[in-house]
Amino acid sequence: MREIDLGRDFDELNGTDSSLISRRSAARRDISSFASDWLKCGLDVVLAVVGLILLSPMILMVMAILLFIQGRPIVVAHTRIGKGGRRFPCLKFRTMVTDGADVLLRHLAANPRARAEWNAGRKLRDDPRVTPLGRFLRRSSIDEIPQLINVIRGQMSLVGPRPIVASEVELYGPYFGYYTQVRPGLTGLWQVSGRSNTSYSARVELDVRYITERTIWGDLIIMLKTIPAVLQLRGSC
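Conventions and cut-offs
Residues numbered from 1 in each chain as written. Predicted model: local features only at pLDDT ≥ 70, side-chain atom pairs only at ≥ 80, totals over all residues. Heavy atoms only, no water. Pairing = 2+ DSSP bridges. Helix = DSSP H or I, 4+ residues; strand = E, 2+ residues; numbered from the N terminus. Core = buried A, V, L, I, M, F, W, Y, C linked by side-chain atoms within 4.5 Å. Buried < 20%, exposed > 50% of the residue type's maximum accessible area, 1.4 Å probe, protein only. Contact = heavy atoms within 4.5 Å. Phe/Tyr/Trp six-rings, centres within 6.5 Å; stacked < 30°, edge-to-face > 60°. Axes fitted to C-alpha atoms, helices over the stretch in contact; angles between N-to-C directions. Nonpolar A, V, L, I, M, F, W, Y, C, P; charged D, E, K, R; others polar. 1 Å grid on protein atoms, 1.4 Å probe; cavity = no way out; pocket = protein on both sides within 12 Å on 5 of 7 lines; lining within 4 Å. Points joined across faces, edges and corners; volume = space filled by probe spheres on them. Polar contact = N/O pair within 3.5 Å; in protein donor to acceptor, adjacent residues only side chain to side chain. Expected span 1.5 Å × (residues − 1). pLDDT = per-residue confidence, 0-100.

J.: Sorry if this is basic, but what is going on with the pairing of strand β1 (residues 75-81) here?
T.: Along a regular strand, successive side chains alternate from one face of the sheet to the other. With seven bridges joining them, β1 and strand β2 (residues 87-93) adopt antiparallel strand pairing. From the neighbouring strand, Val 76 faces β2, where its bridge partner is Lys 92.

J.: In this structure, what is going on with the nonpolar core? I would like to understand it.
T.: As a rule of thumb, soluble globular proteins bury nonpolar side chains together. Counting residues in hydrophobic clusters, the biggest one holds 26 residues, and the most contacted among them are Leu 66, Phe 93 and Leu 137. Looking at this core, the elements with two or more residues in it are α1 (6-69), β2, α4 (132-139), α5 (147-152), β3 (157-159) and α8 (200-213). For this core, the element with the most residues is α1, which contributes four residues. Setting aside residues up to four positions removed in sequence, Leu 137 forms contacts with Val 62, Leu 66, Phe 93, Arg 94, Thr 95, Ile 142 and Asp 143.

J.: For this particular structure, what's the right way to read the packing of aromatic side chains?
T.: The way to describe two aromatic rings as a pair is by their centre distance and the angle between their planes. Inspection of every chain in the model, using the stated rule, returns four aromatic pairs. Summarising the aromatic geometry, the rings of Tyr 175 and Tyr 178 are spaced 6.3 Å apart at their centres and angled 35 degrees between planes, so their arrangement reads as tilted. On the accessibility criterion, Tyr 175 (42% relative accessible area) is partly exposed. Where Phe 176 meets Tyr 179, the ring centres are 5.9 Å apart and the plane angle is 15 degrees; that geometry is what we call stacked.

J.: Mind showing me how you'd approach the packing of helix α2 (residues 100-110) against helix α3 (residues 112-121) here?
T.: Between α2 and α3, the shortest axis-to-axis distance is 5 Å and the interhelical angle comes to 115 degrees. Residue-level inspection shows Leu 104, His 107, Leu 108, Ala 109 and Ala 110 of α2 in contact with α3, the latter providing Pro 112, Ala 114, Arg 115 and Trp 118. In the contact of α2 with α3, the residues fall into seven nonpolar, one polar and one charged.

J.: Before we go on, may I ask you to explain empty space enclosed by the protein in this structure?
T.: Using a probe with the size of a water molecule, rolled over the atoms, empty space left in the structure can be pinpointed. For the coordinates displayed, the defined rule picks out two cavities of 30 Å³ or more. Its boundaries defined by the atoms lining it, the largest cavity holds a volume of some 60 Å³. Every residue along the wall of the largest cavity is listed here: Lys 40, Leu 43, Asp 44, Leu 47, Leu 158, Val 159, Ile 216, Asp 219, Leu 220 and Met 223. When residues of the lining of the largest cavity are traced back to their parent elements, those giving at least two are α1, β3 and α9 (216-231). Taken together, the residues that form the lining of the largest cavity break down as seven nonpolar, no polar and three charged.

J.: Explanation requested: the side chain of Lys 92 in the structure shown.
T.: Mapped onto the elements of the fold, Lys 92 is located in strand β2. A distance of 3.1 Å separates the side chain of Lys 92 from the side chain of Asp 143, its partner in a polar contact. Ignoring anything within four residues of it in the chain, the contact list for Lys 92 reads Ile 74, Val 75, Val 76, Asp 143, Glu 144, Pro 146 and Gln 147.

J.: For this particular structure, what's the right way to read α9?
T.: Taking 1.5 Å per residue, 16 residues should reach 22 Å; α9 reaches 24 Å between its end C-alpha atoms and fits that length. All buried positions along α9 are accounted for by Ile 216, Asp 219, Ile 222, Thr 226 and Ala 229.

J.: When you look at the confidence of the model for the chain in this model, what are you seeing that I'm missing?
T.: The predicted coordinates ought not to be read in detail in places where the model reports low pLDDT. Of all residues in the chain, 81% attain a pLDDT of 70 or more, and the chain-wide mean is 84. The secondary-structure element of the chain with the lowest mean pLDDT is α1, recorded at 72, while β2 shows the highest, at 98. The low-confidence segment residues 1-16, where pLDDT is below 50, has three contacts with residues more than four positions distant or belonging to other chains. Here residues 24-31 is modelled with pLDDT under 50, and outside its nearest four sequence neighbours on either side it reaches zero contacts, counting other chains as well.

Dropping the structure here:
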């Protein structure tokens, strides 16, 4: 009969248990993350549907004004990068002239300062493509209301990093992988932290922080903070 070495046997058993506990802990984290993602997705859809219903009078009014002042199209779909790197049509009320691409190219060619501003953050404070009505819609964030449909389709979330175009991938650099882990959001940490008053690198830092620390409770806080940020037109353009 083998002599029992309690110390050795306990160490071996302890090592086995530690490995098993580690695997179980990882499994619990995966299950928790999966459940949290499904809860977030469910809340997104429910709140987006409610939002569309409550905002329907405003939506119809804005559509009528846009049709009367600017003509068609009323809603435009810009290609954005979503979760997993998949592209999707991001919906917005049209705020730009119909030949915006040509207008931008001519403006950047004639204005070195504007070109430097565009290269730094893919935004212009004085964007010649934006119509007078479009400028108001942007400052009030009304132009983004159609993205509630993107949320219902599962292409976006109510809270997350702002959806980006292909040319912005290089600005994320090594952090682009973080961006593709979640669905882009209608609002997010960047929007309640200064929006256009922050640099693009600060925006990336805020996105990474949100993605790595996100919780349902945190999303609710960001949504609540979005309301005064929009009403005050803080940092929007």
